[in-house]
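# Notes for the structure review
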Amino acid sequence: MKSYQKLATDIPQPTEPYAEEESIDGKPPCLRKLSTWWLGVGLLMMVAVLLSGVTMWMLRQVSGSQHERTPLEKCSAIPEPLRFDCYPERNMVVTKELCESRGCCFIERYQPLRSRSGVPWCFYPPDFPSYTLESLNQTELGMVGLLRRKVKAYYPRDIERLQLSVEFETDTRLHIKITDSTSPRFEVPLEVPQAMKRAENPIYSLEFSKEPFGLLLRRRASGTVLLNTTVAPLIFADQFLQISTVLPSKFLYGLGEHRSSFLHSLDWSTLTLWARDVPPTESYNLYGAHPFYLLMEEGGAAHGVFLLNSNTMDVALQPAPALTWRTIGGVLDFYIFLGPDPNMVIQQYQQVIGFPAMPPFWGLGFHLCRWGYRTSNETWQIVKAMRNYQIPQDAQWNDIDYMEGYRDFTFDPEKFDTLPQLVEDLHKHGQYYVMILDPGISSTSPPGSYWPYDEGLRRGIFINTTQGQTLIGQVWPGLTAFPDFSNPDTYQWWLENLNQFHTRVPFDGLWIDMNEPSDFKDGSVDGCSPGELDNPPYVPAVLGGSLSAKTVCASAKQSASVHYNLHNLYGLMEAKATASALIQIRGKRPLVISRSTFPSQGRYSGHWLGDNRSKWKDMYWSIPGVLSFNLFGIPLVGADICGFSGTTSEELCTRWMQLGAFYPFARNHNTLNEKAQDPVAFSSVARTAMKEVLLTRYALLPFLYTLFHRAHLQGHTVARALFFEFPQDVITYSIDKQFLWGQSLLVTPVLEPGVDSVIGYFPRGVWYDYYTGSSVNSSGESLKMAAPLDHINLHVREGAILPTQKPGSTSWVSSGNPLRLIAALSQNASAWGDLFWDDGESLDTFEKGDYSYLVFNVTQNVFTSTVLHAHVEATYITVDVLSVYGVQEKPSRVTVNGKENPFSYLDNQVLTVSDLNLNLSQGFSIRWL
């Protein structure tokens, strides 16, 4: 059954109403300070699309005609979608008097009850004072300019003079920084590439407005305006920095971490970035901060913008479409990535923040955990039950109940007395052990009895109060101190603690939780200071209304700066220390899963999406979360399968296991005092369905591992939104109930109860059922497919070759099994694929050349395997089966390396050649005639 679904393609049209002017003091051209010439242009374009009209309005306001208007007329003339908020403070009634005290327009507007946002009543007039571009000089890499504000803005310690730095770093990357020209300010200590020469053929052009200062960035090929900051004033005070821009379309993604659809709503929504311990909830700032967005333009081009700033911020979205960055510290340090397609944008972003680490092969297996294994023996029984039913499992985890008094680097000598033996048993069976670790270090033990705290105090590695005393908060063990991971000395202390514990319990990976950092006492047991770090003039829309809500004081002192600047970096810095320690202890690739994240964290850890709930809507929300973190350069990501809190049902958990089998990071985890939700806890029907989908995941591990290799090497996404592969298909822009693995495996899960079918969208082309090879030739259609409880729909895109493997009970067992190669022919009977293969755990195998890399190809009825790089690991593997989907006619014979070989052919046009026994390390060809 086929049904067609079309999305609205009403994309606002960008306009080009600006002209270049002679240079400033002989320097590069800037935009003309607009004259009455624009009045005629404005009359000619009054019937244009919204964005064109808006732009012309902006231009007319600075012409001579504005002097003929009353203040009310000037304000009323501003279209509602282009009203930029002049009074963004929350939890207060903005009156006309308050608004006009800032020199802004005030027009009341009806707003529905309980509405949290909408058209601002207080907004900037067209002549609100901003900065003037006083000079602009050429540099080796671009330009440097001086900005000056002649009229003070309304926030304290307004900075009068700013430095503008523009670097044309590559043909597809532009770097723009605005900072105080006279005094240094905090900048994020992130290693970024340094351009050595100016881009020779940039695919963008940059123009300037002198007064008021503004930037206008265009894509050369189309003329599309990507950024236009002339729409609202630039404000740069000590604790309030704001810059706005119109956007070329409404298709905006990124800006995490939030629970929302993948495609953001621009209907007056605000996204707040401030790491916070809270179960994922719509509209709240969550565990991580990622000030990066991807935007799809009309015609399928894409660009991205990254603000390298770690302070608390709001990103306000409005339907113009437009966006406002509003942060309370640091500098405005922007990187703009021109793509031009979405895959390239993400790769260019990761060229700045760093490519993700290559995970160990076992990290891609199935992980099992819960809070509530009461003993090590109970944990062990689950492991044994999974083995008994031969359900794949690579790693067993423990939550905080393994600890003695919830103290780090301890285990309960009574309830978890057999933990070392459990870990030994896991290792004997080719399995692994991962334990939780929180940053809070118990401070209540008698002196001399708890080395982590005593030694940390002696070395001075804890976060301090404004008075220089150890800041004490409260987490699971009670009163706690917090390690300062911005202090290089903390790395050694952390390593020594982990190494000592590893000699007793030889763990393989680490799960770092509560690292926003979370504090059950707001700020500290003694509260926070009354100063402006803890009580800034403007507080973004953080949950709790305070920077210290459920975390440490913003004024707390750390080695690199105050916590005010470093809070959003805490999880990143802990992940970096943890990955470093694991490498030194084990000498192998580390597996670190972190709750709090920041740009570049993919280099050190993966992420899970936090304390979700056992609800159908939470299962859906996990897909936008996984897709977003692939944008953020953290492809090793997944949600707690079956939900963390609340009680799951057998149907929900079965469907969630099917979806979770296709998370890049797959872990089933639930909370204390709830029913077990591991696969062996359910009926034989559900248990079998869960086992089968895990076996499917394990069969696909060679394909998934190769995707992670591409992510590590080039910055590709692993879980991928459909529009990445079909950017011309606007219907795909809002799809977040399906996703791809790489370019070619389409996953369509069931996300609602009580159904035995699912509707999925198939972009134009031929798609093959992964299990049977039957084909669908789509013109861009939504199809209704059977989806009984034991089945998840998977489809292979035409032109792909997937390397799969006979699955085993662990990744170690699977990795030695024969391969089955699946070739899905395109409409011209061709296909391509590749395979990266190494020992799965050694460090830097690609960099050292300790790997095999093969390319598979089908042309003119010939399948070839070509070894481009060889290593001993490939000699242990054989290719046993080739399945070719889409062979139009039954062959009369098949040859393997020139010798005739038996084959089978089905009516659904699937050719299968079995019992090949071909060594993976040797090239081969298979021909059908």
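Each chain carries its own residue numbering, running from 1 in the written order of its sequence. Given that this is a predicted model, residues contribute local features only at a pLDDT of at least 70 and side-chain atom pairs are listed and counted only at 80 or more, while totals for whole chains, interfaces and linings are drawn from all residues. Hydrogens and water molecules were not included; the side-chain quantities draw on all heavy atoms of the structure.

## Side note on the overall build of the protein
- Within the protein, the secondary structure is distributed over 18 helices and 53 strands.
- Atoms counted for the radius of gyration: C-alpha only. Globule rule: 2.2 Å times residue count to the power 0.38. In terms of overall size, the protein behaves like a compact globule, its C-alpha atoms giving a radius of gyration of 29 Å where 929 residues would be expected to give roughly 30 Å.
- The dimensions of the protein, computed from C-alpha atoms along their principal axes, are 85 × 75 × 55 Å.
- In this scheme, a residue with accessible area under 20% of its type's maximum is buried, one over 50% is exposed, and one in between is partly exposed, where area comes from a 1.4 Å probe on protein chains only. Residues classed as buried in the protein amount to 63% of the 929 residues present.
- Each accessible area value is a Shrake-Rupley result obtained with a 1.4 Å probe; residue values ignore everything except the protein chains displayed when judging cover. When the accessible surface of the protein is summed, it comes to about 33200 Å², and 50% of that surface belongs to carbon and sulfur atoms. The numbering of helices and of strands both runs from the N terminus, where a helix is a DSSP run of H or I of at least 4 residues and a strand a run of E of at least 2.

## A few points about the sheet that holds strand β33 (residues 666-670)
- When DSSP finds two or more bridges between a pair of strands, those strands are recorded as paired. Across the sheet, nine strands lie side by side as β31-β30-β29-β28-β24-β23-β22-β33-β32; this open sheet has parallel pairing. Looking at the sheet topology across the chains shown, the edges are occupied by β31 (637-638) and β32 (640-641).
- Both strand β30 (residues 606-608) and β31 contribute to a ladder of two bridges, which runs parallel. Across the sheet, the residue bridging to tryptophan 608 is glycine 638, located in β31.
- Throughout, a residue-residue contact means that at least one pair of heavy atoms, one from each residue, lies within 4.5 Å. Interaxial angle, 0 to 180 degrees, is taken between N-to-C directions of lines fitted to C-alpha atoms, where a helix line uses only the stretch in contact. In this fold helix α7 (residues 419-428) packs onto β23 (395-398) and β24 (432-437), with an angle of close to 140° to the strand it touches most, β24.

## Some thoughts on helix α11 (residues 570-586)
- Here α11 spans 24 Å end to end across 17 residues, near enough to the 24 Å set by a 1.5 Å rise per residue.
- Within α11, 13 of the 17 residues are buried, which leaves it mostly tucked inside the rest of the structure.
- Of the residues trailing α11, glycine 587 is marked for its positive phi of about 70°. Between the first and last residue of a helix there are one fewer steps than residues, each counted as 1.5 Å, and that sum is the expected span.

## Some details on the packing of helix α12 (residues 616-631) against helix α13 (residues 650-660)
- At a minimum axis distance of 10 Å, the contact between α12 and α13 shows a crossing angle of 5°. One finds that α12 runs roughly parallel with respect to α13. Residue-level inspection shows Trp616, Asp618, Met619, Ser622 and Ile623 of α12 in contact with α13, the latter providing Glu651, Leu652, Arg655, Trp656 and Leu659.
- All residues other than Ala, Val, Leu, Ile, Met, Phe, Trp, Tyr, Cys, Pro, Asp, Glu, Lys and Arg, Gly among them, are scored as polar; the first ten of these are nonpolar and the last four charged. Within the contact of α12 with α13, the residues separate by chemical class into six nonpolar, one polar and three charged. Any angle that is under 35 degrees is reported as roughly parallel, and any over 145 degrees as roughly antiparallel; angles of 65 to 115 degrees are reported as roughly perpendicular and all others as oblique.

## Here we look at the state of the cysteines
- Sulfur atoms of two cysteines make up a disulfide when they are within 2.5 Å. Throughout the structure, instances matching the rule amount to five disulfides.
- Between the sulfur of cysteine 642 and that of cysteine 653 lies a disulfide, 2.0 Å long from S to S. Given an S-S torsion of about 85°, the disulfide between cysteine 642 and cysteine 653 has right-handed geometry. Residue cysteine 642 is found in the loop between β32 and α13, and its partner cysteine 653 is found in helix α13; the two are separated by eleven residues along the sequence.

## A closer look at the sheet that holds strand β38 (residues 765-769)
- The strand order β34-β35-β36-β41-β38-β39 describes an open sheet built from six strands, whose pairing is antiparallel. Looking at the sheet topology across the chains shown, the edges are occupied by β34 (719-720) and β39 (775-778).
- Inspection of the sheet shows β34 paired to strand β35 (residues 739-741) by two bridges, in the antiparallel sense. By the bridge assignment for β35, alanine 719 is matched with tryptophan 741.

## Describing the packing of aromatic side chains
- Classification of ring pairs uses Phe, Tyr and Trp, with its six-membered ring standing for Trp, and accepts pairs whose centres are within 6.5 Å; under 30 degrees between planes counts as stacked, over 60 as edge-to-face, and the remaining range as tilted. Overall, the coordinates contain 53 aromatic pairs when judged by the stated rule.
- Look at phenylalanine 723 and tyrosine 733: their rings are 5.8 Å apart centre to centre, the planes differ by 70°, and that puts the pair in the edge-to-face class. Taken together, the residues span a long stretch of sequence, with phenylalanine 723 in helix α16 (residues 722-725) and tyrosine 733 in the loop between α16 and β35 at a distance of ten residues. Pair check on accessibility: phenylalanine 723 and tyrosine 733 agree, each one buried.
- Relative to tyrosine 885, the ring of tyrosine 768 has its centre 5.9 Å away and its plane inclined at 40°; by these criteria the two rings are tilted. Of this pair, tyrosine 768 sits in strand β38 while tyrosine 885 sits in strand β47 (residues 878-885), and the two are 117 residues apart along the sequence. Residues tyrosine 768 and tyrosine 885 agree in their burial class; the two are buried.
- By the ring-pair criterion, three or more aromatic residues cluster together here, those being Phe409, Tyr453, Phe462, Phe485, Trp493, Trp494 and Tyr570.
- The ring of tyrosine 87 has arginine 102 sitting right over it, with the charged end atom 3.6 Å from the ring centre. In this scheme, Lys NZ or Arg CZ marks a charge over a ring once it lies within 6 Å of the ring centre and within 35 degrees of the ring normal.

## Considering a nonpolar patch on the surface
- Here, patches come from residues exposed beyond 30% relative accessible area and free of salt bridges, joined within 9 Å for like charges and within 5 Å for nonpolar side chains (Val, Leu, Ile, Met, Phe, Trp, Tyr). Every case where a carboxyl oxygen of Asp or Glu lies within 4 Å of a side-chain nitrogen of Lys or Arg is listed as a salt bridge. A surface patch of nonpolar side chains, about 260 Å² in accessible area, is lined by Tyr406, Trp476 and Phe520.
- Looking at the element boundaries, tryptophan 476 is found in the loop between β26 (473-475) and β27 (478-481).
- Residue tryptophan 476 is classed as partly exposed on the basis of its relative accessible area, which comes to 33%.

## Details of the pairing of β47
- Across the eight residues that make up β47, a large majority, six, are buried.
- Where strand β43 (residues 819-824) lies against β47, six bridges are found, and the strand directions are parallel. Looking at the pairing, leucine 819 lines up with valine 879 of β47.
- Where β47 lies against strand β52 (residues 918-919), two bridges are found, and the strand directions are antiparallel. Counted as the bridge partner of valine 879 is leucine 918 from β52.
- Looking at chain direction, β47 and strand β51 (residues 910-913) are connected through four bridges and run antiparallel. Bridging across to β51, serine 883 finds its partner in threonine 912.

## Side note on the pattern of salt bridges
- In total, this model carries 37 salt bridges according to the counting rule given.
- Among the salt bridges present, the one from aspartate 425 reaches arginine 387, with a minimum N-O distance of 2.8 Å. Pair noted here: aspartate 425 is in helix α7 and arginine 387 is in helix α6 (residues 376-388), with a separation of 38 residues, a long-range link.
- Since its relative accessible area comes to 24%, arginine 387 is described here as partly exposed.
- Taken together, the shared-partner salt bridges connect Asp277, Asp513, Glu516, Lys550, Arg595 and Asp611 into one network.

## Some words on the confidence of the model for the protein
- Here the protein averages 93 in pLDDT, and 92% of its residues register 70 or above.
- Note that pLDDT drops below 50 for residues 1-67; the model gives that stretch 133 contacts with residues more than four away or on any other chain. For every residue, the predictor states its confidence as a pLDDT score lying anywhere from 0 to 100.

## What about the nonpolar core?
- Put simply, buried Ala, Val, Leu, Ile, Met, Phe, Trp, Tyr and Cys residues joined by side-chain atoms within 4.5 Å make one nonpolar core. Counting residues in hydrophobic clusters, the biggest one holds 243 residues, and the most contacted among them are Trp325, Tyr402, Phe662 and Phe863.
- When near neighbours in sequence (up to four residues on either side) are disregarded, phenylalanine 863 contacts Ile801, Leu821, Ala823, Phe856, Asn857, Val858, Leu882, Phe924, Ser925, Ile926 and Trp928.
- The next biggest cluster of nonpolar side chains, apart from the first, holds 34 residues, and it includes Cys86, Cys99, Val231 and Val542.

## Quick notes on the environment of glutamate 692
- Topologically, glutamate 692 is positioned in helix α14 (residues 684-699).
- Its relative accessible area of 41% is what places glutamate 692 among the partly exposed residues.
- Taking the C-alpha atoms as reference points, glutamate 692 and tryptophan 616, 76 residues apart in sequence, are found 22 Å from one another.

## What to know about the packing of α6 against α7
- Between α6 and α7, whose axes approach to 9 Å, the crossing angle comes to 20°. Relative to α7, the element α6 lies roughly parallel. Where α6 crosses over α7, the two elements pack in a sense that is left-handed. Touching Ser376, Thr379, Trp380, Val383 and Arg387 of α6 are Leu419, Gln421, Leu422, Asp425 and Leu426, all from α7.
- When the residues that make up the contact of α6 with α7 are grouped by side-chain class, the tally is five nonpolar, three polar and two charged. Handedness of a helix crossing follows the sense of rotation of the near helix relative to the far helix, less than a right angle counterclockwise being left-handed and clockwise being right-handed.

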